[in-house]
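Take a look at the letters that make up each chain.
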2 protein chains.
Amino acid sequence: MPNDQREPHRWGFTDSGFVLNEDNSVTLTGNRYSICGYPMPYFIPFVESMLNVSLSTMQPRAERQPGRLPEPNRNEAFCAALAQKFPVEQVSFDDADRLRHSHGQTTVDEVYQVLYGELPKLADAVFYCGGTEQAQALVQLAAEHDVCLLPYGGGTSVSNALRIPADERRMVLAVDTGRMNRIIRLERDNMRVTVQSGISGADLERQLRAQGFTLGHEPDSSEFSTVGGWIATNASGMKKNRYGNIEDLVESMTVVSPLGTLQESVGAPRVSSGSRLHHLLFGSEGNFGLITEAVLKLRPAPEVTRYQSLLFRDFATGIAFLQELSKGSVWPASIRLVDNPQFRFAQSLKPAQKGWTACKHSLQKWLLTMLKGFDPEKLAAATIVLEGSAHEVTVQHRALDRLIRRYGAIYGGAENGRRGYQLTYAIAYIRDFLMRYDLIGETYETSAPWDCIRTICDEVKRAAELEHARYGFPGKPYISARITQIYPTGACIYFTHGASIHGVDNADQKFHAVEQAMRAVILANGGSISHHHGIGKLRAAFIPQLYSDATRKVLLAMKRELDPGNVFGAGNNLFDRGQ
Amino acid sequence: MPNDQREPHRWGFTDSGFVLNEDNSVTLTGNRYSICGYPMPYFIPFVESMLNVSLSTMQPRAERQPGRLPEPNRNEAFCAALAQKFPVEQVSFDDADRLRHSHGQTTVDEVYQVLYGELPKLADAVFYCGGTEQAQALVQLAAEHDVCLLPYGGGTSVSNALRIPADERRMVLAVDTGRMNRIIRLERDNMRVTVQSGISGADLERQLRAQGFTLGHEPDSSEFSTVGGWIATNASGMKKNRYGNIEDLVESMTVVSPLGTLQESVGAPRVSSGSRLHHLLFGSEGNFGLITEAVLKLRPAPEVTRYQSLLFRDFATGIAFLQELSKGSVWPASIRLVDNPQFRFAQSLKPAQKGWTACKHSLQKWLLTMLKGFDPEKLAAATIVLEGSAHEVTVQHRALDRLIRRYGAIYGGAENGRRGYQLTYAIAYIRDFLMRYDLIGETYETSAPWDCIRTICDEVKRAAELEHARYGFPGKPYISARITQIYPTGACIYFTHGASIHGVDNADQKFHAVEQAMRAVILANGGSISHHHGIGKLRAAFIPQLYSDATRKVLLAMKRELDPGNVFGAGNNLFDRGQ
């Protein structure tokens with residue numbers, strides 16, 4: 001997509017964003033999302049009440065206007081070789097380009113810095129790569145001239161993986177894959193497609209749908225994130241129940257490393273051909289090379305997509321429901337359970353309720369509370385997407401029907417389901433809106449066995465309050481949990497954490513420390529380091545807890561062989577300074 | 001299981017085997033299998049007709065009685081250290097033990113050699129390992145004393161992976177994992193089980209069923225093959241549609257290598273924690289270390305297991321049916337399509353048909369041929385296993401119902417389905433019976449995209465005839481194909497190849513050459529090197545066609561780091577002589 005539709009640093013599209021209206025309501029501008037274009041009167045009061053802060057007395061913080069950036073570190077011999085090899089428009093030293101390619105979307109460490117503070121280190125230039133052969137030439141030049149290459153896809157990383165290593169002394173070239181956005185070959189019979197790695201999820205899905213197919217990989221970032229980024233991050237989508245995680249969707253890939261091009265002539269759905277290096281590229285976070293192409297497995301475009309929602313007495317009942325559902329084999333394409341704070345958060349984004357709507361709402365509320373005995377301060381909700389042939393959707397619906405009575409759940413309607421599902425795409429706009437009021441919002445996620453889920457949720461909430469008090473943040477923290485992916489053996493928990501940092505010194509560093517503390521709590525209670533965001537630089541400190549010594553040594557040996565000069569010097573995961 | 005129930009070199013149990021009766025019928029002895037205990041009058045005539053040979057004039061070949069084996073190559077310092085560290089009964093220099101641990105189940109290269117020829121190289125001793133800690137001590141001693149360790153699980157490899165490298169000069173110790181057969185921990189809520197790697201599929205499944213669970217991994221070898229062997233081979237089971245392949249079933253594992261113990265503290269259903277070395281152990285074929293433990297993902301034991309079968313006008317129609325089925329999401333736990341020769345092979349194992357049975361059979365045949373117009377020389381059949389809750393099985397059945405009319409298929413009944421499914425377990429006994437008559441049978445398998453399946457089947461059949469003629473084997477070859485696993489993007493084809501080598505010089509080498517030629521044909525027509533048997537030593541010559549140079553270099557670098565002294569000197573895949 002053309003860059004001018006994208007915000008350079010904040011999340012999303014330039015035509016979309018939350019604005020504060022005079023009556024203290026907010027509106028999401030534009031018309032891209034189902035919640036665009038109407039005033040939301042309940043949002044600010046909700047935020048104020050949950051965080052125990054007052055926004056009305058505050059002036060929104062103005063974004064820092066970046067002055068002239070420091071001069072780039074130009075490796076002149078490399079620049080000359082680059083100019084000789086590639087058209088001039090493929091290399092940019094432009095300040096705006098450099099700044100845009102020097103961060104991802106981690107809240108305090110990246111977006112907050114670029115908007116209101118200063119990024120500690122910047123890319124020196126940006127290379128817009130055109131394909132595998134160009135990548136091969138580029139990597140060779142970079143190795144010859146000792147230049148550092150950092151792959152850049154959709155820029156949506158939330159693990160500081162795109163942060164430029166502060167101590168890098170070589171010239172740093174961000175390698176933008178945005179031009180590598182073509183479908184190379186679609187094989188109808190074989191249900192697979194070969195694509196360039198820089199194609200975004202939205203573009204790819206649009207083109208596939210036009211041909212009667214779907215990839216079905218729909219991470220929250222799919223409007224912007226790319227195939228290469230998904231592989232490098234080991235991504236998971238909202239509809240993974242039906243379509244699988246990224247590792248289930250990639251048949252093979254092409255990766256250009258300093259040692260050469262990693263490629264297999266696999267061409268088959270599943271193989272037993274010895275240890276497949278392929279698997280180690282998932283989660284490689286830019287450390288090994290540039291992913292340039294991938295062969296992806298397709299499914300027929302769904303005949304039917306039906307939304308649904310469920311209400312549960314409380315979060316624990318919803319978790320038990322999901323656990324039971326996971327034991328069967330017929331799952332909705334997506335089922336996500338939100339806890340009570342997040343349910344109320346979603347309610348706060350509804351339009352003003354008047355007349356019949358208000359009446360209907362009251363009636364519903366009465367039914368819920370009086371008839372079912374649900375406590376509005378405790379109930380939890382699930383948003384559901386059923387997808388497939390008409391028959392498959394019926395079958396998926398029946399699997400739900402069979403369980404809801406046992407768990408005392410009730411259907412909340414298709415519209416609430418659709419709304420809840422699509423709300424996902426608006427969350428980051430809300431984050432950026434609130435940041436102006438010194439309200440920091442971050443998400444973190446983990447996967448855990450079923451018997452750890454409730455404890456992790458409870459302990460994270462408790463720890464959020466303790467940490468909030470420890471650092472003296474004003475008001476109280478907002479912390480909500482949702483279960484976004486399920487497996488027979490466990491689930492992914494996705495936390496949203498908000499807090500005011502107003503008037504706090506070094507608040508960004510403190511919030512970063514809180515994130516680390518929360519991660520430690522998650523690990524201590526049986527959760528994993530990450531279900532799908534990855535390690536990046538944000539969680540690298542936890543590596544010694546994750547792997548045995550031998551495991552780390554082998555991965556380092558692999559890096560040394562692939563990239564002895566640390567050309568791919570992103571320094572993510574355990575590859576800090578390449579070793 | 002006690003070793004005395006197992007054949008030392010041939011396949012299977014000592015109480016089970018095909019015997020020739022005086023009336024030229026055959027019987028499978030014992031009562032382990034559904035086809036045990038009755039005379040099969042049609043089998044010998046079928047074999048004679050398909051291969052165009054006469055068995056009645058032949059004397060069965062007598063198995064070679066192994067004399068005293070060559071003295072083992074004893075590394076005395078190592079033996080002394082071993083004796084000091086471990087109880088005496090854990091180390092065996094016994095000839096029978098050595099011979100048993102010096103081969104797998106590849107037909108001409110292994111079983112034929114040990115029964116009728118001579119194995120070129122033998123293990124010097126066998127170590128019966130007791131667990132992870134013992135493995136750690138053993139590996140350390142082996143590294144100190146420059147001894148070669150070869151992991152040995154169920155002994156069912158069909159890729160020459162268990163063959164002792166002929167040029168190995170160090171003492172070779174086979175490490176038998178049979179004592180490591182315990183369930184360490186069953187987590188009911190988390191649907192997972194931690195096991196020692198030497199537990200066999202049958203033992204594990206029996207214990208899990210008693211607790212209400214199933215792993216659902218059912219390779220043809222599951223009576224004998226082990227969890228460690230499945231991982232090392234990258235195995236696939238007959239019910240993978242429901243339960244997944246081995247890589248889908250293993251959450252984490254413990255592997256003891258000379259560098260140290262590879263272990264992750266993952267404990268979660270799915271993670272994004274950087275490149276997971278874990279993945280490289282699938283298909284590692286004994287080259288990296290000894291797999292000692294694994295955490296496996298479970299499912300509830302199925303409420304219902306229902307068999308079914310289908311008849312198709314021809315194999316091509318059956319393939320089209322499977323391809324269509326693979327586009328949906330509701331699949332039977334297992335569906336396997338056999339071509340006409342294999343269908344008739346299965347028929348030849350039925351009991352004599354007399355009285356009402358014969359009449360019923362004639363009627364069925366009449367219905368098939370006259371009413372449906374099926375040609376008995378062309379029709380193909382599928383055996384089906386539906387598994388899950390009663391509701392899930394109904395849903396799976398309906399998915400079939402919806403397709404059969406479109407493809408003009410007809411149900412062949414539950415009994416034929418059950419029989420066909422279980423016949424799998426008898427195939428290797430038939431192989432060993434026929435080998436006495438100089439009839440060599442081998443299976444090989446591949447996976448391929450849907451649009452290559454028919455061509456591969458046709459070309460392999462054509463090549464089998466050409467190769468048969470080239471080497472001057474008597475009669476004609478038997479070659480049949482079945483589709484054993486399906487994916488939306490393609491399928492696994494499993495070939496059975498039989499030929500008489502009677503009176504041919506160096507027949508074993510020639511049959512080996514035929515296997516290589518067939519593999520080349522498969523690769524040339526878009527098939528993969530293997531879907532689930534692996535590379536071992538049998539297919540190592542094809543490695544340069546499979547991987548790019550860079551890929552191979554990285555795998556070799558990892559081996560050097562893990563095992564600089566090539567202690568795990570199995571020499572499989574690309575690790576011939578450790579490099």
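The rules behind these values
Throughout, a residue's number is its position along its own chain's written sequence, starting from 1. To read the labels, note that chains go from A and ligands from 1, taken in the order they are written. Selection of residues for local features in this predicted model requires a pLDDT of at least 70, selection of side-chain atom pairs for listing and counting requires 80 or more, and totals for whole chains, interfaces and linings are taken over all residues. With hydrogens and water stripped out, all remaining heavy atoms of the structure feed into the side-chain values. Runs of E in the DSSP output that reach at least two residues are strands. Runs of H or I that reach at least four are helices, and both are numbered from the N terminus. Radius of gyration: over C-alpha atoms. The globule rule applied is 2.2 Å multiplied by the number of residues raised to the 0.38 power. We call a residue buried when its accessible area falls under 20% of the maximum for its residue type, exposed when it is over 50%, and partly exposed in between, using a 1.4 Å probe and counting protein chains only. It only takes one pair of heavy atoms within 4.5 Å for two residues to be counted as in contact. Two parts placed together each lose some accessible area under a 1.4 Å probe, and the buried area is that loss summed for both. Any carboxyl oxygen of Asp or Glu that lies within 4 Å of a side-chain nitrogen of Lys or Arg is treated as forming a salt bridge with it. Polar contacts, as counted here, are pairs of nitrogen or oxygen atoms within 3.5 Å of one another; within protein the pair requires one atom able to donate a hydrogen and one able to accept it, and residues that are adjacent in sequence qualify only if both atoms are side-chain atoms. When DSSP locates at least two bridges between a pair of strands, those strands are taken to pair. Axis lines are fitted to C-alpha atoms, over the contacting stretch for helices. Their N-to-C directions set the angle, which ranges from 0 to 180 degrees. Here the angle decides the label: under 35 degrees means roughly parallel, over 145 means roughly antiparallel, 65 to 115 means roughly perpendicular, and every other value means oblique. Helix crossings are classified by the rotation of the near helix relative to the far one: an anticlockwise turn of less than a right angle makes the crossing left-handed, while a clockwise turn makes it right-handed. Residue polarity is assigned by list, with Asp, Glu, Lys and Arg as charged and Ala, Val, Leu, Ile, Met, Phe, Trp, Tyr, Cys and Pro as nonpolar; anything else, Gly included, falls into the polar class. Exposure above 30% relative accessible area and no salt bridge define the residues that can form patches, which grow by joining like charges within 9 Å and nonpolar side chains of Val, Leu, Ile, Met, Phe, Trp and Tyr within 5 Å. Computed with a 1.4 Å probe, the accessible areas rest on the Shrake-Rupley method; for each residue, only the protein chains presented here act as cover.

Participant: Run through the overall build of chain A, naming residues and quoting values.
Facilitator: Within chain A, the regular secondary structure consists of 19 helices and 20 strands. Against the globule reference of 25 Å for 579 residues, chain A gives a C-alpha radius of gyration of 24 Å, in line with a compact fold. Referenced to the eigenvectors of the C-alpha coordinate spread, the extents of chain A come out at roughly 75 × 60 × 45 Å. Relative to its 579 residues, chain A shows a buried fraction of 64%.

Participant: Can you break down helix α1 (residues 43-51) of chain A residue by residue, with the values?
Facilitator: All names here are of chain A. The element α1 is largely enclosed, with a buried count of seven among its nine residues. All of the buried residues in α1 are Phe43, Ile44, Phe46, Val47, Glu48, Met50 and Leu51. A positive backbone phi angle near 55° is found at Asn52, which sits one or two residues after α1.

Participant: How would you explain the interface of chain B and chain A if you had to name every residue and give the values?
Facilitator: Every contact between the two is made by 85 residues of chain B and, on the other side, 85 residues of chain A. Summed over both partners, the interface of chain B with chain A buries about 6,600 Å², with 55% contributed by carbon and sulfur atoms. Here chain B and chain A share four salt bridges between them. Notably, a salt bridge pairs Glu247(B) with Arg270(A), separated by 2.6 Å at the nearest N-O pair. At the boundary of chain B and chain A, one finds 44 residue pairs in polar contact (both at pLDDT 80 or more). No other element matches the 10 residues that helix α19 (residues 549-562) of chain B contributes to the side of chain B that touches chain A.

Participant: Summarise the pattern of salt bridges; cite the residues concerned and give the values.
Facilitator: Scanning the entire structure with this criterion turns up 68 salt bridges over all chains. In this structure, Asp146(B) and Arg170(B) form a salt bridge, with 3.3 Å as the shortest nitrogen-oxygen distance. Placement of the pair is Asp146(B) in the loop between α5 (132-145) and β5 (148-152) and Arg170(B) in the loop between β5 and β6 (172-176), with a sequence separation of 24 residues. In this structure Arg170(B) comes out as buried when scored by relative accessible area, which is 13%. In the salt-bridge network here, residues are joined through shared partners; they are Arg68(A), Glu71(A), Asp95(A) and Arg98(A).

Participant: So what's going on with the sheet that holds strand β18 (residues 439-449) of chain B? Which residues, and what values?
Facilitator: All names here are of chain B. Read from one edge to the other, the open sheet built from seven strands follows the order β17-β14-β16-β15-β19-β20-β18, with strand pairing classed as antiparallel. The open sheet terminates on both sides in strands that have one partner only, identified here as β17 (410-411) and β18. As paired elements, strand β15 (residues 334-338) and strand β16 (residues 380-388) share five bridges and run antiparallel to each other. Bridge pairing in β16 places Arg336 opposite Thr383. Packing against the sheet, helix α1 (residues 43-51) makes contact with β18, β19 (478-487) and β20 (490-500), and its axis sits at approximately 100° to β19. In this fold helix α11 (residues 340-347) packs onto β14 (304-312), β15, β16, β19 and β20, with an angle of close to 105° to the strand it touches most, β19.

Participant: Kindly report on the sheet that holds strand β15 (residues 334-338) of chain A, identifying the contributing residues and their values.
Facilitator: All names here are of chain A. Strand order in the open sheet formed by seven strands is β17-β14-β16-β15-β19-β20-β18, with antiparallel pairing between adjacent strands. If you trace the sheet from one side to the other, it starts and ends with β17 (410-411) and β18 (439-449), each paired once. Of the strand pairs in this sheet, strand β19 (residues 478-487) and strand β20 (residues 490-500) are connected by nine bridges, and their pairing is antiparallel. When the bridges of β20 are listed, Arg482 appears paired with Tyr494. The strands touched by helix α17 (residues 507-524) within the sheet are β18, β19 and β20, with β18 carrying the most contacts at an inclination of about 15°.

Participant: Quick one: what's the story with the packing of α1(B) against helix α15 (residues 427-435) of chain B, residue by residue and with numbers?
Facilitator: Residue and element names in this part refer to chain B. Taken N-terminus to C-terminus, the directions of α1 and α15 make an angle of 70°; their axes are 13 Å apart at the nearest point. Accordingly, the angle class assigned to the pair α1 and α15 is roughly perpendicular. Between α1 and α15 lies a crossing of right-handed hand. Facing Phe43, Ile44 and Val47 of α1, the residues of α15 in contact are Ile430, Phe433 and Leu434. Considering only residue class, the contact of α1 with α15 consists of six nonpolar, no polar and no charged.

Participant: Describe in detail the environment of Asn52(B), supporting the description with residues and values.
Facilitator: Residues and elements named next belong to chain B. Relative to the helices and strands, Asn52 resides in the loop between α1 and α2 (76-85). Between the alpha carbons of Asn52 and Ala499 there is a distance of 9.6 Å; along the sequence they are 447 residues apart. Ignoring any residue separated from it by four or fewer positions in sequence, one finds Asn52 in contact with Val47, Gly475 and Lys476.

Participant: Quick rundown of a nonpolar patch on the surface? Include the residues and the values.
Facilitator: A contiguous nonpolar patch, built from Trp366(A), Leu367(A), Met370(A) and Leu371(A) and spanning about 460 Å² of accessible area, is present on the exposed surface. For Leu367(A), the location among the structural elements is in helix α12 (residues 355-371).

Participant: Can you break down unusual backbone geometry residue by residue, with the values?
Facilitator: Residues and elements named next belong to chain A. The phi dihedral of Asn160 falls on the positive side, at around 60°, and the residue is not glycine. Mapped onto the secondary structure, Asn160 falls in the loop between β5 (148-152) and β6 (172-176). Judged by its relative accessible area of 1%, Asn160 is buried. Unlike most non-glycine residues, Asn234 shows phi in positive territory, near 60°. As for its placement among the helices and strands, Asn234 is situated in the loop between α7 (227-233) and α8 (240-243).

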